[in-house]
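Survey of secondary and tertiary structure
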Amino acid sequence: MAKSPEDEHPKKAFGWAARDSSGLLSPFKFSRRATGENDVAFKVLYCGMCHSDIHMVKNEWGDSIFPLVPGWEVRFKSSKSDRVGVGCMVDSCRSCDNCKVDLENHCPKMILTYSVKHYDGTITYGGYSDCMVAEERFIVHIPDSLPLDAAAPLLCAGITVYSPMKHYGLDKPGLHVGVVGLGGLGHVAVKFGKAMGLKVTVISTSPNKKEEALKTLGADSFLVSRDQDQLKAAFGTMDGIIDTVSAQHPMMPLFSLLKTDGKIALVGLPEHPLEVPAVGLVKGRKTIGGSMIGGMKETQEMMDFAAKHKVKADIEVIAMDYVNTAVERILKSDVKYRFVIDIGNTLKPPS
């Protein structure tokens, strides 16, 4: 990607930041790091709101650095023609075994898009801001057929569910895959699953999501995880399960849904450890594993697949000054299914 005068990085930036673990965000002036030889600076147009942003601004994982500018579902244009974006990481060591095989997301020195110390000692700030800078290797091209706003969540939610489907072999047409949770991750998992030719069952604690799952998102079936009769009827029918839930939930009922050699891929991040009964694994030689976003090659593959099959997130576009209300609504599950901040048109410099 060639740099142009339009890519010149301003010395000062502004956005919205959390100053402490109260979770409230407010206007914030700050400085971006200087661009290196292979860096690209750009103006942000849209940024999706991920539930991880809330974990981070509330310091629920214990490693947040304040002030904290969240946002790692970032869409921008680096020139008049380049439609590009940045996801959850902006750099890595580029020399370890993981980096050499396009698994930068598992690099021990991977640099997250916000709230970590970069190699030069500066702190990274995310996409709730007017501009960003990233190493060129960590920029994804967005095909013309994908709208920039609805494509924004794919750089986090999209790759988070696409990668385990590919890695665990749950992308073969005709397989039966369950999706636990119908939120920001789950609804994209359903769409990718159908695009891959899978039979998809949504597994939820909320019966009122059935019509949305079947009629709007195109799932083949819907299962209420607290209904013992439904669980019994679906016993041993699934080849795999993508578990997107970030709250405590029982695992044994999910194991019962798997065929022999079935797999559960965890992509949610519950605050407390999950209980995994050994009997659920040994009966039927079942497997439970995890997955965290994807490397840059796979992320580009995901974006191209999404464009080809017209997969995009269902979004509600909001103004920057609505972000604190949006956080409250996310915590109440009052969004279908992803907020996207219109940074380019609504972010105003603080006075």
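Residues numbered from 1 in each chain as written. Predicted model: local features only at pLDDT ≥ 70, side-chain atom pairs only at ≥ 80, totals over all residues. Heavy atoms only, no water.

Overview of helix 10 (residues 296–309)
Note: α-helices contain 3.6 residues per turn, so residues at a spacing of three or four share the same orientation. This is how the line gets drawn: In DSSP terms, a helix is any run of H or I states spanning at least four residues, a strand is any run of E spanning at least two, and both are numbered starting from the N terminus. The span one expects for a helix is its residue count, reduced by one, times 1.5 Å. Classification of residues uses two cut-offs on accessible area relative to the type maximum, computed with a 1.4 Å probe and protein chains only: under 20% is buried, over 50% is exposed, and between them is partly exposed.
Over its 14 residues, helix 10 extends 20 Å from the first C-alpha to the last, a length consistent with the 20 Å expected when each residue adds 1.5 Å. Where helix 10 is concerned, the buried positions are Met296, Glu298, Thr299, Gln300, Met302, Met303, Phe305, Ala306 and Ala307. Following helix 10 by one or two positions, Lys310 has its phi on the positive side, about 60°.

Some points on the pattern of salt bridges
To keep it simple, the criterion reads: Salt bridge, as used here: a side-chain nitrogen of Lys or Arg that lies within 4 Å of a carboxyl oxygen of Asp or Glu.
By the definition in use, this model includes 17 salt bridges. Taking the shortest distance from any N to any O, the salt bridge between Arg94 and Glu135 comes out at 3.1 Å. In this pair, Arg94 is assigned in the loop between strand 6 (89–91) and helix 2 (97–100) and Glu135 in strand 8 (residues 131–135), connecting sequence segments 41 residues apart. For Glu135, a relative accessible area of 7% translates into the label buried. Close ionic contact of Arg329 with Asp334 constitutes a salt bridge, the shortest N to O distance being 3.0 Å. Look at Arg329 and you get buried, because its relative accessible area is 17%. With a relative accessible area of 40%, Asp334 lands in the partly exposed category. Taken together, the shared-partner salt bridges connect Lys166, Asp171, Lys172 and Glu301 into one network.

What about the layout of surface pockets?
Threshold: Site definitions follow a grid-based scheme: protein atoms alone, a 1 Å grid, a 1.4 Å probe that fits but cannot get out for cavities, and for pockets an open set with protein on both sides within 12 Å along at least five of seven lines, plus lining residues having an atom within 4 Å of a point. Grid points are joined across faces, edges and corners, and a volume is the space filled by probe spheres set on the points.
The volume enclosed by the second largest pocket comes to roughly 190 Å³. Taken together, 14 residues make up the lining of the second largest pocket; nearest its centre are Leu103, His106, Ser163, His167 and Ser291. Of the residues forming the lining of the second largest pocket, the biggest block, 3 residues, is contributed by helix 4 (residues 157–167).

Here's the deal with the nonpolar core
Worth spelling out the cut-off: Within this scheme, the nonpolar core is defined by two criteria: the residues are buried Ala, Val, Leu, Ile, Met, Phe, Trp, Tyr or Cys, and they are joined through side-chain atoms within 4.5 Å. Here, two residues are considered to be in contact whenever any of their heavy atoms come within 4.5 Å of each other.
In terms of nonpolar packing, the biggest core is built from 101 residues, with Phe42, Met49, Tyr128 and Phe192 touching the most fellow members. In contact with Phe192, not counting residues within four places along its chain, are Gly158, Val161, Tyr162, Met165, Met302, Phe305, Ala306 and Val311. Grouped together as the second largest cluster of nonpolar side chains are 13 residues, Ile203, Ile241, Leu258 and Ile264 included.

Some remarks on the packing of aromatic side chains
To be explicit about the condition: Aromatic rings from Phe, Tyr and Trp, taking only the six-membered ring of Trp, are treated as a pair when their centres fall within 6.5 Å; an angle between ring planes under 30 degrees marks them as stacked, one over 60 as edge-to-face, and anything in between as tilted.
Counted according to the given criterion, the structure contains 8 aromatic pairs. Both rings, one in Phe28 and one in Phe30, keep their centres 5.3 Å apart while their planes meet at 10°; by these two values the pair is stacked. By relative accessible area, Phe28 is classed as buried at 11%. Through successive ring pairs, a cluster of aromatic residues spans Phe28, Phe30 and Tyr125.

Examining the confidence of the model for the protein
Note the cut-off: Scored from 0 to 100, pLDDT reflects the predictor's confidence in each residue.
Per-residue confidence for the protein averages 93 on the pLDDT scale, and 95% of its residues sit at or above 70. Across residues 1–10, confidence stays below pLDDT 50; counting only partners more than four residues off in sequence or on other chains, it has 29 contacts.

A few points about unusual backbone geometry
Cis geometry is adopted by the peptide bond preceding Pro67, which originates at Phe66 and carries an omega value of -5°. With respect to the element layout, Pro67 can be found in the loop between helix 1 (51–57) and strand 4 (74–77). The omega torsion across Lys336 and Tyr337 is -10°, close enough to zero to call that bond cis. Looking at where Tyr337 falls in the secondary structure, it is placed in the loop between helix 11 (323–331) and strand 17 (338–342). Of note, the phi angle at Arg94 is positive, near 65°, even though the residue is not glycine. A positive phi angle, near 50°, is found at Arg285, a position not held by glycine. Within the element layout of this structure, Arg285 appears in the loop between helix 9 (278–282) and strand 15 (287–290). For Arg285, a relative accessible area of 59% corresponds to the exposed category.

Describing the packing of helix 4 against helix 10
For any two helices packed against each other, the geometry is given by the interaxial angle and the distance between the axes. Definition in use: Think of each axis as a best-fit line through the C-alpha atoms, taken over the contacting stretch in the case of a helix, with angles from 0 to 180 degrees between the N-to-C directions. For this classification, under 35 degrees means roughly parallel, over 145 means roughly antiparallel, 65 to 115 means roughly perpendicular, and everything else is oblique. Residue type decides the class: Asp, Glu, Lys and Arg count as charged, Ala, Val, Leu, Ile, Met, Phe, Trp, Tyr, Cys and Pro as nonpolar, and the leftover types, Gly among them, as polar.
At their nearest, the axes of helix 4 and helix 10 sit 10 Å apart, and the two run at 100° to each other. As judged from the angle between their axes, helix 4 and helix 10 are roughly perpendicular. Only Glu298, Thr299, Glu301, Met302 and Phe305 of helix 10 make contact with helix 4, whose side of the interface consists of Gly158, Ile159, Tyr162, Ser163 and Lys166. Across the contact of helix 4 with helix 10, the residue classes break down as 4 nonpolar, 3 polar and 3 charged.

Thoughts on the environment of Glu136
By the element assignment, Glu136 lies in the loop between strand 8 and strand 9 (140–141). Residue Glu136 is classed as partly exposed on the basis of its relative accessible area, which comes to 28%. Measuring from C-alpha to C-alpha, the distance between Glu136 and Asp91 comes to 8.9 Å, with 45 residues separating the pair along the chain.

Re empty space enclosed by the protein
With a probe scaled to a water molecule rolled over the atoms, the places where space remains empty come into view. For the structure shown, the criterion picks out 2 cavities of 30 Å³ or more. Taken as a whole, the largest cavity encloses approximately 70 Å³ of empty space. What lines the largest cavity is Gly87, Cys88, Met89, Phe138, Val140, Leu155, Ile159, Ile293, Gly294, Met296 and Thr299. Residue composition of the lining of the largest cavity, by class: 8 nonpolar, 3 polar and no charged. Counted as a void, the second largest cavity has a volume near 50 Å³. Together, Leu25, Met49, Cys50, Asp53, Ile54, Val57, Pro70, Tyr128, Val323 and Val327 line the second largest cavity.

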